[in-house]
Amino acid sequence: MNQIAYAVPDISCQHCADAVSDELLPIPGVERLTVDLETKQVQVYGTELDNQWLRTAIANAGYEAR
């Protein structure tokens, strides 16, 4: 299983975490993810993860992945 981590500075509440999760989980290869509101980190776990798809999904949720 691969892991990609992103800093998402603008996430601040559970609604933000849910919005990001709702965009990321349907992506092929994504098996699970964690959103840490305290550190503002999103970690995506899965196989054959596509960095650009993941970044686009986070952007579609209204946030910037760094």
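Each value, and the rule that gives it
- Residues numbered from 1 in each chain as written.
- Predicted model: local features only at pLDDT ≥ 70, side-chain atom pairs only at ≥ 80, totals over all residues.
- Heavy atoms only, no water.
- Helix = DSSP H or I, 4+ residues; strand = E, 2+ residues; numbered from the N terminus.
- Rg over C-alpha atoms; globule rule 2.2 N^0.38 Å.
- Areas by Shrake-Rupley, 256 points an atom, 1.4 Å probe, with all protein chains shown as cover.
- Lys, Arg positive; Asp, Glu negative; His and termini not counted.
- Charge placed at Lys NZ, Arg CZ, Asp CG, Glu CD.
- Phe/Tyr/Trp six-rings, centres within 6.5 Å; stacked < 30°, edge-to-face > 60°.
- Lys NZ or Arg CZ within 6 Å of the ring centre and 35° of its normal.
- Buried < 20%, exposed > 50% of the residue type's maximum accessible area, 1.4 Å probe, protein only.
- Arc of directions from axis to C-beta.
- Contact = heavy atoms within 4.5 Å.
- Polar contact = N/O pair within 3.5 Å; in protein donor to acceptor, adjacent residues only side chain to side chain.

Here we look at the overall build of the protein
When helices and strands are tallied, the protein shows 2 helices and 3 strands. When the helices and strands of the protein are listed from N to C terminus, the series reads β-α-β-β-α. Expected size for 66 residues packed as a compact globule is a radius of gyration near 11 Å; at 10 Å, the protein falls within 12% of this value. Of the roughly 3900 Å² that the protein leaves accessible, carbon and sulfur atoms contribute 45%. The positive charge centre, built from 4 side chains, and the negative charge centre, built from 10, are 7 Å apart in the protein.

So, the packing of aromatic side chains
Evaluated as defined, the whole model comprises 0 aromatic pairs. Seen from the ring of Tyr45, Arg32 lies directly overhead, with NZ or CZ sitting 4.0 Å from the centre.

Here we look at helix α2 (residues 51-60)
Turning to α2, its buried residues are Leu54, Ala57 and Ile58. With its buried residues spanning 100 degrees around the axis, α2 presents them on a single face. Turned more than 90 degrees away from the buried face of α2 sit Gln52 and Asn60, all of them exposed. Looking at the buried residues of α2, the elements they touch are β1 (2-7), α1 (14-24), β2 (30-36) and β3 (41-46). The N-capping residue of α2, defined by a side-chain oxygen 3.0 Å from the backbone nitrogen of Gln52, is Asp50.

It is worth stressing that arrangement in space is one thing and function is another; only the former is reported here.
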